[in-house]
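Here are the chains, one letter per residue:
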Amino acid sequence: MLTVRLPTERFLVSEFVDWHSVLNRTLHVPQRIGETETDWDQRSRQQWNDFKARAGELVRGPTDRLPTDLRAELERSWLQIFDPTTWHPDSTLQATARELPSSEIVSAVRIL
């Protein structure tokens, strides 16, 4: 486990669980404030099913094979992962950095 000191402009904070939308190449549909889990699940599934119907078999392949408008829609949905206004109060956040020079490492502990 590393403890580091990084200037805030050098790392990117995102919602950890929602990042799986990008990894799985699915639409990111954030839960609205006051929306129940059930209502969100239904709305999310409906939007994803609509997207899949428009994309057809291309939805299973690389995103660069999608028509430009669908790819843009998909990628726009992912931007919300970085928007604090879409995060839930109990969100798990992650911070990532492109590089981590050894000069910014304060301490290192081996975890077994």
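Please refer to the structure higher up on the page.
Summary of the structure given here. Note that the structure is a prediction, hence the values are computed from the model and not measured. (Residues numbered from 1 in each chain as written. Predicted model: local features only at pLDDT ≥ 70, side-chain atom pairs only at ≥ 80, totals over all residues. Heavy atoms only, no water.)

## Overview of the packing of helix H2 (residues 37–55) against helix H3 (residues 68–79)
Under the convention used in this document: Geometry is summarised by axes, namely lines fitted to C-alpha atoms with helices restricted to the contacting stretch, and by angles between N-to-C directions that run from 0 to 180 degrees. Comment: elements are numbered from the N terminus, with helices defined as DSSP H or I runs of at least four residues and strands as E runs of at least two. An angle counts as roughly parallel when it lies under 35 degrees, as roughly antiparallel when it exceeds 145, as roughly perpendicular when it falls between 65 and 115, and as oblique in every other case. Left-handed describes a crossing whose near helix is turned anticlockwise from the far helix by less than a right angle; the clockwise case is right-handed. The contact definition used throughout considers only heavy atoms, calling two residues in contact when any of these lie within 4.5 Å. Amino acids outside the nonpolar list (Ala, Val, Leu, Ile, Met, Phe, Trp, Tyr, Cys, Pro) and the charged list (Asp, Glu, Lys, Arg) are all regarded as polar, and Gly is one of them.
Packing of H2 against H3 leaves a shortest axis separation of 10 Å and a crossing angle of 155 degrees. Overall, the two elements H2 and H3 adopt an arrangement that is roughly antiparallel. When you trace H2 past H3, the crossing you get is left-handed. Side by side, H2 and H3 meet where Phe51, Arg54 and Ala55 of the first sit next to Leu70, Glu73 and Leu74 of the second. Per-class residue counts for the contact of H2 with H3 are four nonpolar, no polar and two charged.

## Details of the pattern of salt bridges
Pairing between side chains of opposite charge can happen when the charged atoms of each approach one another. Filter applied, for reference: Throughout this description, the term salt bridge denotes a Lys or Arg side-chain nitrogen within 4 Å of a carboxyl oxygen of Asp or Glu. Working definition: with a 1.4 Å probe on protein chains only, accessible area under 20% of the residue-type maximum means buried, over 50% means exposed, and in between means partly exposed.
Taken as a whole and judged by the stated rule, the model has seven salt bridges. A salt bridge links arginine 43 to glutamate 35, with the nearest nitrogen and oxygen atoms 2.8 Å apart. Classification of arginine 43 by relative accessible area gives buried; the value is 14%. The exposure class of glutamate 35 is buried, given its relative accessible area of 15%. Arginine 54 serves as the salt-bridge partner of aspartate 50, at 3.1 Å between the closest nitrogen and oxygen. On the criterion of helical spacing, the pair formed by aspartate 50 and arginine 54 is a turn pair, its members being four residues apart in helix H2.

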